[in-house]
Amino acid sequence: MLFDKAIVRTPGKSVVDGIDDYADAGKPSYEKAVAEHHAYVELLKKLGIAVTVLEPLEQFPDSCFVEDPAVVFDDFAVVTNPARSTRQKEREFIRPVLDQFFEHDQIFEITAPGTLEGGDVMPVDDDLIYVGLSARTNQAGIDQFAKIAARFGKTVKAVPVEQVLHLKTGTTYLGDNKLLVAGEYIDSPCFKDFDQLKVPAGEDYAVNCINTGNGVIMPAGFPGVHQLLAENGFKVYETDMSEFAKIDGGLTCLSLRF
Ligand code: CIR
């Protein structure tokens, strides 16, 4: 098992107004989003994860994407500084939650002019973390994060994100040197030392997967990625993400895992 705890936040009715910079596929249905979220939580539980479910925050349409305002590891946590104004104050609501799991001196903060969102943070082993330099995460944010991570013996490598929202919208790490890659990260020199599992054309959304250690969770409806994961020896679990996909959200965005 790669993690045994997860924190999630139930979507509020305002989820229909979540930021949609990329998908352009209409507004999500609140009822369907809640049902999909519930199924996601149940699947995590079934795979042995202890899930903390937070109350909806109606004033923040994107607050179910709890991965962005914080980054968590076994021994420290970072409250980030989300770039978009409608998301910035989510940090104030995640801090008290982190206080339940971490000591005061294990919690750090990214501050202006630094911006950083958890969707850009991809740990690949115990001491290496890739961080996307994206529309949401700037160099000042990466520099602050790298200093914090260094205190815990971790090295940060910055990777440009040009065509997608966050780094993990384009690649996710499955463990054992296996990297699922799509679009701009296929054959990218940044990741040349990994065994690249290349997402077939038209299935880029499904690059955002979660390896729980007891199986890989992937979004429903992408047979090419399902086959790719199965061929590589992973037990695969699909869950419907249709409503979150409409506001650029993937599987990893919906939880903090540690
Ligand atoms: C946003 O644009 O901020 C949300 N609509 C989607 C956030 C997705 N988060 C993630 O990939 N970690």
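Structure shown above.
Structural notes, computed from the coordinates. On a predicted model such as this, the values are computed, not experimentally measured, just so you know. (Residues numbered from 1 in each chain as written. Predicted model: local features only at pLDDT ≥ 70, side-chain atom pairs only at ≥ 80, totals over all residues. Heavy atoms only, no water.)

**What to know about the sheet that holds strand 15 (residues 256-257)**
We count it as follows: When DSSP finds at least two bridges between two strands, those strands are taken to pair. Only runs of H or I of at least four residues qualify as helices and only runs of E of at least two qualify as strands under DSSP, and these elements are numbered from the N terminus. Two residues qualify as a contact provided that any one of their heavy atoms is within 4.5 Å of a heavy atom in the partner residue. The convention used is that axes are lines fitted to C-alpha atoms, helices contributing only their stretch in contact, and that angles between N-to-C directions extend from 0 to 180 degrees.
Ordered in space as 2-1-15, the three strands form an open sheet in which the pairing is mixed. If you trace the sheet from one side to the other, it starts and ends with strand 2 (50-54) and strand 15, each paired once. Those strands touched by helix 1 (residues 30-46) are strand 1 (5-9) and strand 2, and its axis lies near 170 degrees from that of strand 1.

**What about the pattern of salt bridges?**
What counts is decided by this rule: The term salt bridge refers to a pairing of a side-chain nitrogen on Lys or Arg with a carboxyl oxygen on Asp or Glu at a separation within 4 Å. Here the term buried applies to any residue with accessible area under 20% of the maximum for its type, exposed to any over 50%, and partly exposed to those in between, with areas from a 1.4 Å probe on protein chains only.
Going through the model one piece at a time under the given rule, you end up with 18 salt bridges. Linking K27 and D17 is a salt bridge whose minimum nitrogen-to-oxygen distance equals 3.0 Å. Taken as a pair, K27 in the loop between strand 1 and helix 1 and D17 in the loop between strand 1 and helix 1 lie far apart in primary sequence, ten residues in all. We classify K27 as exposed; its relative accessible area is 56%. In this structure, the salt-bridge partner of K178 is D176, at a minimum N-O distance of 3.8 Å. A network of salt bridges, in which partner residues are shared, links D21, R84, E117 and R136.

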